[in-house]
Amino acid sequence: MAKRTDQQAPEPHIADSHGLIRVHGARVNNLKDVSIEIPKRRLTVFTGVSGSGKSSLVFNTIAAESQRLINETYSAFVQGFMPTLARPEVDVLDGLTTAIIVDQQRMGADPRSTVGTATDANAMLRILFSRLGKPHIGPPGAYAFNVPSVSASGAITVERGAKKAVRATFNRTGGMCTRCEGRGSVSDIDLTQLYDDSKSLAEGAFTIPGWKSDSFWTVRVYAESGFLDPDKPIRKYTKKEMQDFLYREPTKVKVEGVNLTYEGLIPKIQKSFLSKDKEALQPHIRAFVERAVAFSTCPECEGTRLSEGARSSKIDRVSIADACAMQISDLAKWVGGLAEPSVAPLLTALRQTLDSFVEIGLGYLALDRPAGTLSGGEAQRVKMIRHLGSSLTDTTYVFDEPTAGLHPHDIQRMNNLLLRLRDKGNTVLVVEHKPETIVIADHVVDLGPGAGAAGGTVCFEGTIDGLRAGDTITGRHLDDRAALKESVRKPTGALEIRGATANNLRNVDVDIPLGVLVVVTGVAGSGKSSLVHGSIPAGEGVVSVGQGPIRGSRRSNPATYTGLLDPIRTAFAKANGVKPALFSANSEGACPACNGAGVIYTDLAMMAGVATPCEDCEGKRYQASVLDHHLGGRDISEVLAMSVAEAEEFFGSGPAHTPAAHRVLVRLADVGLGYLSLGQPLTTLSGGERQRLKLATHMAEKGGIYVLDEPTTGLHLADVEQLLGLLDRLVDSGKSVIVVEHHQAVMAHADWIVDLGPGAGHDGGTVVFEGTPADLVADRSTLTGEHLAAYVGSGPEPSRTP
């Protein structure tokens with residue numbers, strides 16, 4: 001080793017001077033020229049009320065620009081296959097590193113997508129069974145329920161010197177069950193729900209949603225195909241006509257000179273409705289599918305999705321179907337007990353993946369769990385798994401409420417994971433509302449002061465102690481603790497649940513009181529949703545508000561989503577003596593230049609498309625003639641530019657008095673969305689705003705029992721107070737409210753608590769406590785009781801196991 005003779009401290013290297021991510025002049029969505037500096041290799045938490053601009057700054061500005069710059073390093077050919085990202089509206093973005101985004105977007109709701117296929121676990125298990133499984137049935141694809149078996153034979157031409165034809169056969173062994181095609185369930189279709197057999201096709205026999213009599217692609221292809229008599233009632237069809245009508249193979253036909261494909265009704269319905277996940281369908285389509293189709297477990301594969309060959313190959317008497325059905329914590333132990341030097345690297349990688357599931361609190365899942373049934377918080381944690389053991393450093397990890405769906409007991413475990421990622425030398429950016437996670441931050445950025453147009457500025461930037469001392473909404477509410485109620489409401493009856501066995505529930509008997517606020521608690525995976533949604537089906541008298549995302553394009557807005565636009569259009573039409581369709585930007589009133597979008601989109605192939613405001617309508621989306629019609633002195637574009645609070649006053653009295661519109665606006669104001677403009681595109685709403693918009697829509701439904709699944713997701717501490725007020729008003733108006741929730745403020749506010757546990761998966765599924773919050777705190781016999789006691793200041797902080 002050479003000795004240094006220079007004893008002076010070396011000058012800092014210029015490469016070490018880039019320790020900050022600098023954002024100057026960010027104007028995405030509601031951000032108002034935001035300029036901040038975020039320290040690298042630290043944990044920074046972004047706080048603020050729902051809709052204050054947190055996601056706009058973190059996801060739509062910093063993470064989006066990082067991804068766009070990385071995409072630009074690929075060739076133009078590759079970029080053509082990637083999503084095109086426009087540069088965010090920001091003056092300077094400096095010091096960016098590669099961003100890995102772990103958001104709360106639900107996983108693909110494809111019926112063949114499972115927890116195992118969404119991670120690397122299934123791929124590794126298939127390789128393991130193809131090497132060690134007895135009897136040996138083939139390569140990894142032979143154990144995959146998404147791979148069908150294929151065989152072919154015939155003559156092929158070999159071009160080698162002189163051409164010559166040779167006979168060849170081709171075989172590929174797949175693991176797909178031939179009966180259910182890898183879905184695990186089969187469907188029987190009720191034909192009476194598809195058509196009225198007393199009518200002919202010309203008389204409109206079809207009763208399928210969206211099948212209009214003038215549609216080329218559906219009704220007319222049957223009526224004018226030549227296979228059927230359009231004027232004969234369906235019940236009088238011959239046997240051949242009925243076969244053609246219901247089951248005919250795809251056949252080319254010509255309708256009015258247009259080449260179309262005729263296909264039997266049953267396969268057409270299966271392709272258009274049943275190949276999609278039910279939860280991903282629009283509500284009226286889902287209602288039709290539930291009416292018309294009866295789903296049952298596939299009798300051939302018994303719901304495993306796999307062929308008989310794949311199920312017959314075993315390692316230590318365990319098939320791949322058995323392995324995927326095991327709880328992941330049990331599967332990790334089974335894999336840990338395998339010792340086979342020939343596949344040692346594979347076993348090591350599989351053990352790491354399965355251990356990551358357990359470490360992140362998802363050990364209660366099974367690999368065959370359909371991905372579409374995961375909550376937003378579970379989906380986010382599944383996405384985190386591939387990053388836990390990563391050797392990457394100097395990377396930016398971006399998380400969207402990583403504690404969503406987590407019991408207070410599990411939040412410490414999540415905090416440890418975030419700190420571990422930071423300690424590897426990564427920059428960790430977290431959008432979060434939970435005080436338990438905010439307090440571990442090295443740096444806090446608080447946005448606000450309000451939501452929507454009242455937000456979009458940085459109210460505070462600094463340490464957690466500085467936030468507490470500062471006069472911001474987050475700082476004031478950070479140490480808020482809800483007190484237990486002095487008195488609770490008396491129930492008016494009880495909903496009896498007997499012998500509940502859905503998922504992991506163990507023959508649960510419980511009486512849920514009615515006429516009061518009931519909170520169902522327990523660690524993630526303890527069986528809360530199974531009990532509430534499995535035993536209280538949404539139907540007559542029950543309004544169920546789940547965690548499913550609301551769907552809508554950039555043409556959708558709060559007015560269209562809630563049905564508010566219908567009475568507004570009718571009021572405009574009545575006041576001006578014209579058709580209501582004129583006041584829809586998606587119908588007759590649309591500006592012809594931009595088709596009612598308000599902007600002109602120019603596609604630039606692999607480059608980001610350009611959106612420019614429409615010059616004809618100046619972004620108002622309507623024809624000029626439509627804007628000549630007024631109601632109460634305002635045109636339709638001015639009404640859509642109003643906030644909910646303004647519109648509530650406008651339609652509440654005076655010349656524009658419209659009771660039907662006013663009722664919807666009151667519900668929107670009740671859930672805390674008074675600041676939202678009626679015409680704001682749904683794609684620009686935050687997660688918390690979408691959750692509350694959905695709640696406002698469901699409040700219009702007639703029902704005596706409201707079932708809410710984690711309504712505080714995406715809500716700031718200040719917004720939770722308003723939600724509790726809304727729940728109180730619902731109960732005081734005579735409704736029964738049942739809430740699945742982890743937030744201690746909601747637990748403390750309850751009249752009755754049902755706590756499930758004691759653990760997750762097969763360690764849960766039983767009722768461990770029923771009673772008032774005060775009794776739960778005094779009893780302190782469950783994890784929930786310990787944490788609620790600590791929250792309301794009635795006991796020491798519970799010991800948490802990382």
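Our structure's up above, just so we're on the same page.
Everything in this summary refers to the structure shown in the same document. Bear in mind that the values here come from a model prediction, so they are computed numbers and not experimental data.

Basis of the calculations
- Residues numbered from 1 in each chain as written.
- Predicted model: local features only at pLDDT ≥ 70, side-chain atom pairs only at ≥ 80, totals over all residues.
- Heavy atoms only, no water.
- Helix = DSSP H or I, 4+ residues; strand = E, 2+ residues; numbered from the N terminus.
- Rg over C-alpha atoms; globule rule 2.2 N^0.38 Å.
- Buried < 20%, exposed > 50% of the residue type's maximum accessible area, 1.4 Å probe, protein only.
- Contact = heavy atoms within 4.5 Å.
- Areas by Shrake-Rupley, 256 points an atom, 1.4 Å probe, with all protein chains shown as cover.
- Lys, Arg positive; Asp, Glu negative; His and termini not counted.
- Charge placed at Lys NZ, Arg CZ, Asp CG, Glu CD.
- 1 Å grid on protein atoms, 1.4 Å probe; cavity = no way out; pocket = protein on both sides within 12 Å on 5 of 7 lines; lining within 4 Å.
- Points joined across faces, edges and corners; volume = space filled by probe spheres on them.
- Nonpolar A, V, L, I, M, F, W, Y, C, P; charged D, E, K, R; others polar.
- Axes fitted to C-alpha atoms, helices over the stretch in contact; angles between N-to-C directions.
- Parallel < 35°, antiparallel > 145°, perpendicular 65-115°, else oblique.
- Left-handed = near helix turned anticlockwise from the far one by under 90°.
- Disulfide = S-S within 2.5 Å.
- Phe/Tyr/Trp six-rings, centres within 6.5 Å; stacked < 30°, edge-to-face > 60°.
- Lys NZ or Arg CZ within 6 Å of the ring centre and 35° of its normal.
- Pairing = 2+ DSSP bridges.
- Expected span 1.5 Å × (residues − 1).
- Arc of directions from axis to C-beta.
- Right-handed = clockwise from strand over helix to strand, strands pointing away.
- Salt bridge = Lys/Arg side-chain N within 4 Å of Asp/Glu carboxyl O.

Here's the deal with the overall build of the protein
Along the protein, the regular secondary structure elements total 28 helices and 27 strands. Scaling as 2.2 N^0.38, a compact globule of 802 residues should have a C-alpha radius of gyration of about 28 Å, and the protein matches this with 30 Å. Its C-alpha atoms put the protein at 90 × 85 × 65 Å along the principal axes. Relative to its full complement of 802 residues, the protein shows a buried share of 49%. Put simply, of all contacts in the protein between residues at least 6 apart along the chain, 66% involve residues at least 24 apart. Looking at the protein as shown, the accessible area adds up to about 36900 Å², and 51% of this sits on carbon and sulfur atoms. Side chains of the protein give 83 positive and 92 negative charges; the mean places of these two sets differ by 7 Å.

Let's talk about empty space enclosed by the protein
Following the criterion strictly, the structure yields four cavities of 30 Å³ or more and no others. Of the voids in this model, the largest cavity is the one considered here, and its volume is about 70 Å³. What lines the largest cavity is simply Val-545, Gly-546, Gln-691, Arg-692, Leu-695, Leu-708, Asp-709, Pro-711 and Leu-723. A total of three residues in the lining of the largest cavity trace back to one element, the largest contributor, which is helix H24 (residues 687-698). Of the residues contributing to the lining of the largest cavity, the split by class is five nonpolar, two polar and two charged.

Focus: the packing of helix H13 (residues 376-388) against helix H14 (residues 408-423)
Look at H13 against H14: their axes get within 12 Å of each other, and the N-to-C directions meet at 40°. Considered as vectors, H13 and H14 are oriented oblique to each other. The chirality of how H13 crosses H14 is left-handed. Contacts between H13 and H14 pair Arg-381, Met-384, His-387 and Leu-388 from the former with Met-414, Leu-417, Arg-420 and Leu-421 from the latter. Of the residues contributing to the contact of H13 with H14, the split by class is five nonpolar, one polar and two charged.

Examining the state of the cysteines
Counted by the stated rule, this structure contains zero disulfides. You can see Cys-614 has no disulfide; the closest cysteine sulfur is in Cys-617, sitting 3.7 Å from it. Given the relative accessible area of 2%, Cys-614 is considered buried.

Comments concerning the packing of aromatic side chains
Under the counting rule described, the total for this entry stands at 13 aromatic pairs. Plain terms: the ring middles of Phe-77 and Phe-81 are 5.1 Å apart, the flat faces sit at 70° to each other, and that makes the pair edge-to-face. A connected cluster of aromatic rings, assembled from ring pairs, spans Tyr-195, Phe-206, Tyr-222, Phe-227, Tyr-237, Phe-245 and Tyr-262. One residue, Arg-305, lies across the ring of Phe-145, its end atom 5.1 Å from the ring centre.

Regarding the sheet that holds strand E17 (residues 457-462)
The strand order E5-E14-E15-E3-E16-E17 describes an open sheet built from six strands, whose pairing is mixed. Each edge of the open sheet carries a strand with a single partner, namely strand E5 (99-102) and E17. When the angles between neighbouring strand axes are averaged without regard to direction, this sheet yields 15°. In terms of strand pairing, strand E16 (residues 443-448) meets E17 through five bridges, oriented antiparallel.

Comments concerning the pairing of strand E10 (residues 258-262)
Alignment of strand E9 (residues 251-255) against E10, held across five bridges, turns out to be antiparallel. Among the inter-strand pairings, Thr-251 is bridged to a residue of E10, identified as Tyr-262. With antiparallel pairing between neighbouring strands as the criterion, E9 and E10 make up a hairpin whose turn holds two residues, including Glu-256 at a positive phi of roughly 50°.

Remarks on the sheet that holds strand E1 (residues 20-26)
Strand order across the open sheet formed by three strands is E2-E1-E4, with antiparallel pairing between neighbours. At either margin of the open sheet sits one strand with a lone partner, and together these are strand E2 (34-39) and strand E4 (92-94). Neighbour to neighbour, the strand axes of the sheet diverge by 10° on average, direction disregarded. Where E1 lies against E4, three bridges are found, and the strand directions are antiparallel.

Remarks on the environment of Ala-789
Along the polypeptide, Ala-789 turns up in helix H28 (residues 783-791). By relative accessible area, which is 0% here, Ala-789 ends up buried. Put simply, Ala-789 and Ser-312 are 477 residues apart on the chain and 52 Å apart in space, counted from C-alpha to C-alpha.

Structural notes on helix H23 (residues 659-670)
Under the 1.5 Å per step criterion, the end-to-end length of H23 is 16 Å for 12 residues, consistent within 8% with the ideal 16 Å. The complete set of buried residues in H23 reads Ala-661, Val-664, Leu-665, Arg-667 and Leu-668. The arc that holds every buried residue of H23, seen down its axis, measures 155°, which confines them to one face. Lining the buried residues of H23 we find helix H20 (565-576), helix H22 (644-652) and H24. Of the residues flanking the end of H23, it is Gly-672, one or two places downstream, whose phi is positive at about 85°.

Observations concerning H20
The end-to-end C-alpha distance of H20, which contains 12 residues, comes to 16 Å, matching closely the 16 Å that a straight helix rising 1.5 Å per residue would cover. Within H20, the full set of buried residues consists of Leu-565, Pro-567, Ile-568, Ala-571, Phe-572 and Ala-573.

Quick word on unusual backbone geometry
Note the cis peptide between Lys-134 and Pro-135, where omega equals -5°. Looking along the chain, the bond that leaves Gly-448 and enters Pro-449 is cis, with omega of 0°. Among the structural elements, Pro-449 can be located in the loop between E16 and E17. Even without a glycine there, the phi angle at Arg-317 is positive, about 65°. With respect to the helices and strands, the residue Arg-317 is situated in the loop between strand E12 (314-315) and strand E13 (318-319). The phi dihedral of Glu-710 is positive, around 50°, even though this residue is not glycine. The topology assignment puts Glu-710 in the loop between strand E24 (705-709) and helix H25 (717-732).

A closer look at the pairing of strand E15 (residues 427-431)
Within a regular strand, the side chains alternate between the two sheet faces. With five of five residues buried, E15 lies mostly within the body of the structure. Residue alternation in E15 divides its side chains into two sets, Thr-427, Leu-429 and Val-431 and Val-428 and Val-430, and both sets are buried. By the bridge criterion, four bridges tie strand E3 (residues 43-47) to E15 in an arrangement that is parallel. Note on E15: the bridge partner recorded for Leu-43 is Val-428. Where strand E14 (residues 396-400) and E15 come together, five bridges link them in parallel fashion. Paired with Thr-396 across the two strands is Thr-427, which belongs to E15. Viewed along the sheet, the connection from E14 through H14 into E15 turns out right-handed.

Describing the pattern of salt bridges
Applying the stated rule across the entire model yields 31 salt bridges. When the shortest N-O distance is used, the salt bridge between Arg-489 and Asp-732 registers 3.3 Å. Here Asp-732 lies in helix H25 and Arg-489 lies in the loop between helix H17 (473-477) and strand E18 (493-500), a separation of 243 residues in the sequence. You can call Arg-489 partly exposed: its relative accessible area is 21%. With a shortest N-O distance of 4.0 Å, Arg-498 and Glu-496 are connected by a salt bridge.

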